[in-house]
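Working through the structure, step by step
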Amino acid sequence: MAGGKWTVKRISVGFSQYEVEILEEFYKKYGREKTDVIRELVRNLKDS
């Protein structure tokens, strides 16, 4: 978000057990918060 105020919107996302395990390993390995990792992944979609 370039310099603007933003509003938080909540969404629910379903993950398979396999996907959850991958995410949890990543969170533990890098000490990142789940929300931060998912936000970063979504923001990177714009650059794709």
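Structural data are supplied above this passage.
Residues numbered from 1 in each chain as written. Predicted model: local features only at pLDDT ≥ 70, side-chain atom pairs only at ≥ 80, totals over all residues. Heavy atoms only, no water.

Regarding its fold elements, the chain presents two helices and zero strands. Over its C-alpha atoms, taken along the principal directions, the chain stretches across nearly 35 × 25 × 20 Å. Across the 48 residues that make up the chain, the buried fraction comes to 6%. Summed over all atoms, the accessible surface of the chain reaches about 4900 Å², with 53% contributed by carbon and sulfur. Of the side chains in the chain, 10 bear a positive and 8 a negative charge, and the two mean positions are spaced by 10 Å. (Helix = DSSP H or I, 4+ residues; strand = E, 2+ residues; numbered from the N terminus. Buried < 20%, exposed > 50% of the residue type's maximum accessible area, 1.4 Å probe, protein only. Areas by Shrake-Rupley, 256 points an atom, 1.4 Å probe, with all protein chains shown as cover. Lys, Arg positive; Asp, Glu negative; His and termini not counted. Charge placed at Lys NZ, Arg CZ, Asp CG, Glu CD.)

Below, the discussion takes up helix α1 (residues 17-30). With 14 residues, α1 extends 20 Å from end C-alpha to end C-alpha; this agrees with the ideal 20 Å at 1.5 Å per step. The positive-phi residue at the C-terminal boundary of α1 is Gly31, with phi of around 65 degrees. (Expected span 1.5 Å × (residues − 1).)

Let us look at the packing of aromatic side chains. Summed over the entire model, instances satisfying the criterion amount to one aromatic pair. Summarising the aromatic geometry, the rings of Phe26 and Tyr30 are spaced 4.7 Å apart at their centres and angled 40 degrees between planes, so their arrangement reads as tilted. Of this pair, Phe26 and Tyr30 both sit in helix α1, four residues apart, roughly one helical turn. Taking relative accessible area as the criterion, Tyr30 reaches 48% and is therefore assigned partly exposed. (Phe/Tyr/Trp six-rings, centres within 6.5 Å; stacked < 30°, edge-to-face > 60°.)

Bear in mind that shape data such as this cannot, by itself, settle questions of function.
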